Amino acid sequence: MLDDAPWLESGAAARVLALLNGNGEEARVIGGAVRNALLRVPIVDIDIATTALPKEVVRRAKAAGIKSVPTGIATAP
């Protein structure tokens, strides 16, 4: 458990997690950030997985004034 992870309590990552959690959706920090936090080494990037569909993630980001870059989202012609 990451009891002493201030980056989960405040700052950009906490803000993104807060906007993605709620209204039936969940978001979690995954990958190297978790590993590095547990090993107590510097965290260089944070990956977040969410149950929200890409369209909903973009909508929530826009509503919160956060720029999103929809990389890898297939669009219909």
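Up top is the structure these notes are about.
Enquirer: Got a minute to help me understand the pattern of salt bridges in this structure?
Expert: Note that side chains of opposite charge can pair when their charged atoms are close. A complete count under the given rule lists three salt bridges for this structure. Measuring nitrogen to oxygen at the nearest pair gives 2.7 Å for the salt bridge that ties Glu56 to Arg59. Of this pair, Glu56 and Arg59 are both found in helix α3 (residues 54–63), three residues apart, which corresponds to roughly one turn of the helix. Relative accessible area serves as the criterion here: at 46%, Arg59 is assigned to the partly exposed category.

Enquirer: Please explain the nonpolar core as it appears in this structure.
Expert: Nonpolar side chains tend to gather and get buried jointly when the protein is soluble and globular. Among the nonpolar cores identified, the biggest contains 10 residues, and these are Ala5, Trp7, Ala13, Leu17, Leu19, Leu20, Ala27, Val29, Ala33 and Ala37. Of all the secondary-structure elements, those providing two or more residues to this core are α1 (12–20), β1 (27–30) and α2 (32–39). Examining the composition of this core, we find that four residues originate from one element, α1, more than from any other. Residues in contact with Val29, not counting those within four places in the same chain, are Trp7, Leu8, Leu17, Val34, Ile46 and Asp47.

Enquirer: Is there a simple way to think about the side chain of Asn36 in this case?
Expert: One can find Asn36 in helix α2. Residue classification places Asn36 among the buried positions, given a relative accessible area of 10%.

Enquirer: What is the right way to look at the side chain of Arg60 in this model?
Expert: Tracing the chain through its elements places Arg60 in helix α3. Each residue touching Arg60, except ones within four places of it in the same chain, is listed here: Leu19, Leu20, Asn21, Gly22, Asn23 and Glu25.

Enquirer: Just to check I follow, could you spell out α2 for this structure?
Expert: Given 3.6 residues per helical turn, the α-helix brings residues three or four places apart onto the same face. Burial in α2 covers these residues: Gly32, Ala33, Asn36 and Ala37. Looking down the long axis of α2, one finds its buried residues gathered within 130 degrees of arc, a one-sided arrangement. Projecting away from the buried face of α2 at angles above 90 degrees are the exposed residues Leu38 and Leu39. Of the surrounding elements, those touching the buried residues of α2 are β1. A positive phi of about 60 degrees marks Arg40, the residue just after α2.

Enquirer: Whenever I open this one, the pairing of β1 confuses me. Can you help?
Expert: Taken residue by residue, a regular strand's side chains alternate between the two faces of the sheet. Of the two faces of β1, only the one carrying Ala27 and Val29 is buried; Arg28 and Ile30 on the other face are not. Note: β1 against strand β2 (residues 47–50), four bridges, orientation antiparallel. Opposite Arg28, over in β2, you have Ala49 as the bridge partner.

Basis of the calculations
- Residues numbered from 1 in each chain as written.
- Predicted model: local features only at pLDDT ≥ 70, side-chain atom pairs only at ≥ 80, totals over all residues.
- Heavy atoms only, no water.
- Salt bridge = Lys/Arg side-chain N within 4 Å of Asp/Glu carboxyl O.
- Helix = DSSP H or I, 4+ residues; strand = E, 2+ residues; numbered from the N terminus.
- Buried < 20%, exposed > 50% of the residue type's maximum accessible area, 1.4 Å probe, protein only.
- Core = buried A, V, L, I, M, F, W, Y, C linked by side-chain atoms within 4.5 Å.
- Contact = heavy atoms within 4.5 Å.
- Arc of directions from axis to C-beta.
- Pairing = 2+ DSSP bridges.

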